[in-house]
Amino acid sequence: MVNTAYEPVIGLEIHAQLLTATKIFCGCSTRFGADPNMQVCPVCLGLPGALPVLNRRAVEFAIRASHALGCSVHPRSVFARKNYFYPDLPKGYQISQYERPLATGGALEYDGASGPRRVRITRLHMEEDAGKSLHEGFPDSDRFTYVDFNRSGVPLIEIVTEPDLRSPADAAEFFSRLRAILVSIGVNDGNMEEGSLRCDANVSVRPVGTDTLGVKTEVKNLNSFRYVQRALEYEIERQSEVLQKGGTIEQETRLWDTASGRTFTMRGKEEAHDYRYFPEPDLAPLELEPAWIDEIRQTLPELPDARRRRFVEQYAIPDYDARILTQSAALASYFEATAAEYKNPKAASNWIMGELTRKMNEDGTDITEVPLTAERLAGLIRLVDSGTISGPIAKEVFEKMYASGGSAAEIVEREGLARIDDRAAVEAAVRAVLDANAGPVAQYRAGKQQTFGFLVGQAMKAMKGKANPALVSDMLKKMLDS
Ligand SMILES: [Zn+2]
């Protein structure tokens, strides 16, 4: 049940790991999935005397993301120490940007499900990821927590929005748009299951028709669009009920529990001063050449929303298709390669969204790994359009192409799947069908038109789907009416 007396106000904080080969302040690998504590050194273990050295590639990626989100990139930003104790944070502080972030004042504009949307980006700053506490998976996990420092020092950007989101669906949609952008510009892999993209949601509710902000809670570490939506739905309902009963909302940090579908209190919300931020003495302020900032802007690829609009215009495909095709840059490029090879973009879109996506889902692969090249898919569409093969046969050929990597023309030739236009062959098949179906033939002649479709079906079946359907229909009509 949705409480309609209150409306939610939502802002997101998104943490995205940058796709650098090495960590932000040392040369350790960032590769996911290594054995625990195999990608560590004195710097990312926080050993005394170890000094951080900033990774230039991480800065470049953070600037790239800032540009893509329309932020102003500041020529001078400052790293600070955010002090807190946690077992996965060996230094006792996290190096992050605080008072002087890398970039501020952006916005993401897009055509949302409920109309045009503009979500302001407050800031984008750089920081290091913490290690990972492992609470389960070991024989003695009931007594011990293990720590893996491979993630310690992986570069992150944190993107903070203004409280511009107005519903759980709105928030989930924004998060998915943001993910598409970060992936398309090559700074993040979008892998939420591995935690390379995570979201904290701030939410408060207020009586409908008022514009003051209520007390907010923060739900931490949501790692799927669905969890963002469900956690917010739960939290909005919970807060509304508390207020309805005359209670007050505590400012706090909460955790989402997937199993029970509830949020619960993790800790009271800390204030900035709890962290005793101060400028990091081991790193000079980050001074950036304006020319370099500009150079990075020039290398930005076309963003998903712009690409979607271009697809509608250039290829005359429906917006729905363009939206799906531009969800991943690789998929969009595959479509463009197919449409460039043979000019029937709508057919290319149908095959990619239909059969190809179905096969990828079945195999758990993505478009960069499919055995079927764009050129070959275009070849299949060409055979359908030229009338060489029928629709149902095309699906069969598609399966074979996908399995073998061969070309459509080769498969059609080898397996004798080309459409049969031979009048004598079709005539013989139609005559056999008429002889074998005296009943329906008599019904048709008595005026029951529906049996015509049945007879066409029988003739097509007799010719294993390969006959030219127009020819079958023509010939059948002639024979029945004669
Ligand atoms: Zn290291």
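Now for a quick tour of the structure. The shown structure was predicted, so the numbers you read here are calculated from the model rather than taken from an experiment. (Residues numbered from 1 in each chain as written. Predicted model: local features only at pLDDT ≥ 70, side-chain atom pairs only at ≥ 80, totals over all residues. Heavy atoms only, no water.)

Here we take up the overall build of the chain. Helices and strands together make up the secondary structure of the chain, namely 15 helices and 16 strands. The C-alpha atoms of the chain give 30 Å as radius of gyration, which overshoots the globular expectation for 482 residues (23 Å, by more than 25%). The C-alpha extent of the chain, read off along each of the three principal axes, is 95 × 55 × 50 Å. Each of the 482 residues in the chain was classed as buried or not, and the buried ones make up 48%. (Helix = DSSP H or I, 4+ residues; strand = E, 2+ residues; numbered from the N terminus. Rg over C-alpha atoms; globule rule 2.2 N^0.38 Å. Buried < 20%, exposed > 50% of the residue type's maximum accessible area, 1.4 Å probe, protein only.)

This brings us to the packing of helix α8 (residues 345-363) against helix α9 (residues 374-385). As a packed pair, α8 and α9 sit with axes 10 Å apart at the nearest point and diverge in direction by 115°. Crossing hand, α8 versus α9: right-handed. Contact residues: Ala347, Ala348, Trp351 and Ile352 in α8; Leu377, Leu380 and Ile381 in α9. (Axes fitted to C-alpha atoms, helices over the stretch in contact; angles between N-to-C directions. Left-handed = near helix turned anticlockwise from the far one by under 90°. Contact = heavy atoms within 4.5 Å.)

Moving on, we get to the coordination of the zinc ion. Donor atoms from the polypeptide that bind the zinc ion are Cys26 (SG), Cys28 (SG), Cys41 (SG) and Cys44 (SG), placed at 2.3 Å. One can describe the donor arrangement at the zinc ion as tetrahedral, given that its four donor atoms subtend angles of 101 to 115° at the metal. In the primary sequence, the donor residues of the zinc ion line up as C-x1-C-x12-C-x2-C. Taken together, the residues cysteine 28 in the loop between β1 (6-17) and α1 (56-68) and cysteine 44 in the loop between β1 and α1 connect sequence positions 16 residues apart. Both residues of the pair, cysteine 28 and cysteine 44, belong to the buried class. (Donors = N, O, S within 2.8 Å, 3.2 Å for Na, K, Ca; no water. Tetrahedral: all angles 85-135°; square planar, octahedral: opposite > 155°, others 65-115°.)

Moving on, we get to the side chain of asparagine 150. One can find asparagine 150 in the loop between β9 (146-148) and β10 (155-161). At 3.1 Å, the side chain of asparagine 150 and the backbone nitrogen of asparagine 37 are in polar contact. Apart from the residues within four sequence positions on either side, asparagine 150 is in contact with Lys23, Ala34, Asp35, Pro36, Asn37, Met38, Gln39 and Val40. (Polar contact = N/O pair within 3.5 Å; in protein donor to acceptor, adjacent residues only side chain to side chain.)

Along the polypeptide, glycine 416 turns up in the loop between α11 (408-415) and α12 (423-436). A relative accessible area of 37% means that glycine 416 is categorised as partly exposed. Note: C-alpha distance between glycine 416 and lysine 466 (50 residues apart in sequence) is 9.2 Å.

As a further point, take the pairing of strand β4 (residues 79-83). Most of β4 sits out of view: four of its five residues are buried. Of the pairings in the sheet, the one linking β4 to strand β5 (residues 93-97) comprises five bridges and is antiparallel in character. For arginine 81, the partnering residue across the bridge sits in β5 and is isoleucine 95. (Pairing = 2+ DSSP bridges.)

What follows deals with the environment of phenylalanine 454. In this structure, phenylalanine 454 sits in helix α14 (residues 451-462). Phenylalanine 454 gets classed as partly exposed once you look at its relative accessible area, which sits at 40%. Separated by 14 residues in the primary sequence, phenylalanine 454 and proline 440 have C-alpha atoms spaced 8.3 Å apart.

Across soluble globular proteins, nonpolar side chains have a tendency to be buried as a group. Leu12, Leu102 and Phe174 are the most contacted members of the largest nonpolar core, which totals 65 residues. The element best represented in this core is α1, accounting for seven residues. Ignoring sequence-local partners within four residues, the contact set of leucine 12 consists of Ile159, Val160, Thr161, Leu165, Ala171, Phe174, Phe175, Cys199, Asp200 and Ala201. Among the nonpolar cores identified, the runner-up in size contains 35 residues, and Phe335, Ala347, Leu356 and Ile411 belong to it. (Core = buried A, V, L, I, M, F, W, Y, C linked by side-chain atoms within 4.5 Å.)

This paragraph deals with the packing of aromatic side chains. Applying the stated criterion across every chain yields a total of twelve aromatic pairs. Measuring from centroid to centroid gives 6.0 Å for tyrosine 275 and tyrosine 277, while their planes differ by 70°, and the two rings are edge-to-face. Residue classification places tyrosine 275 among the buried residues on the basis of a relative accessible area of 14%. On the basis of relative accessibility, which here comes to 23%, the residue tyrosine 277 falls in the partly exposed class. Plain terms: the ring middles of tryptophan 351 and phenylalanine 398 are 5.4 Å apart, the flat faces sit at 25° to each other, and that makes the pair stacked. Residue tryptophan 351 is located in helix α8, and its partner phenylalanine 398 is located in helix α10 (residues 391-404); the two are separated by 47 residues in the primary sequence. (Phe/Tyr/Trp six-rings, centres within 6.5 Å; stacked < 30°, edge-to-face > 60°.)

Right, let's get into the side chain of asparagine 202. Tracing the backbone shows asparagine 202 in strand β11 (residues 197-207). Only 3.2 Å separates the side chain of asparagine 202 from the side chain of glutamate 13, close enough to count as a polar contact. Excluding residues that lie within four positions of it along the chain, asparagine 202 makes contacts with Val9, Ile10, Gly11, Glu13, Lys216, Thr217 and Glu218.

A few words now on the pattern of salt bridges. Taken as a whole and judged by the stated rule, the model has 38 salt bridges. Of the charged contacts in the structure, one is a salt bridge between arginine 254 and glutamate 235, with a shortest N-O distance of 3.3 Å. On the criterion of sequence distance, the pair formed by arginine 254 in strand β13 (residues 252-257) and glutamate 235 in helix α3 (residues 225-244) is long-range, its members being 19 residues apart. By relative accessible area, which is 6% here, arginine 254 ends up buried. The exposure class assigned to glutamate 235 is buried, which follows from its relative accessible area of 0%. (Salt bridge = Lys/Arg side-chain N within 4 Å of Asp/Glu carboxyl O.)

Relative to strand β7 (residues 115-128), strand β6 (residues 103-112) runs antiparallel, the two sharing nine bridges. If you follow threonine 104 over to β7, its bridge partner there is arginine 123. Connecting the antiparallel pair β6 and β7 is a turn made up of two residues. In the sheet, β7 pairs with β10 via seven bridges, with the strands oriented antiparallel. Its bridge partner being in β10, methionine 126 is matched across the sheet by isoleucine 157.

Where nonpolar side chains cluster on the molecular surface, the patch consists of Phe138, Phe144 and Tyr146 and spans about 260 Å² of accessible area. Mapped onto the secondary structure, phenylalanine 144 falls in the loop between β8 (132-134) and β9. Judged by relative accessible area, phenylalanine 144 falls into the partly exposed class, the value being 43%. (Patch = residues over 30% accessible without salt bridge, like charges linked within 9 Å, V, L, I, M, F, W, Y side chains within 5 Å. Areas by Shrake-Rupley, 256 points an atom, 1.4 Å probe, with all protein chains shown as cover.)

A word on unusual backbone geometry. Residues apart from glycine generally show negative phi values, whereas peptide bonds are mostly found in trans. The backbone of asparagine 221 shows a phi angle near 55°, a positive value even though the residue is not glycine. One non-glycine residue, alanine 316, lies in the positive phi region at around 55°. On the secondary structure map, alanine 316 appears in the loop between α5 (304-315) and α6 (319-325). The class of alanine 316 is exposed, set by a relative accessible area of 62%.

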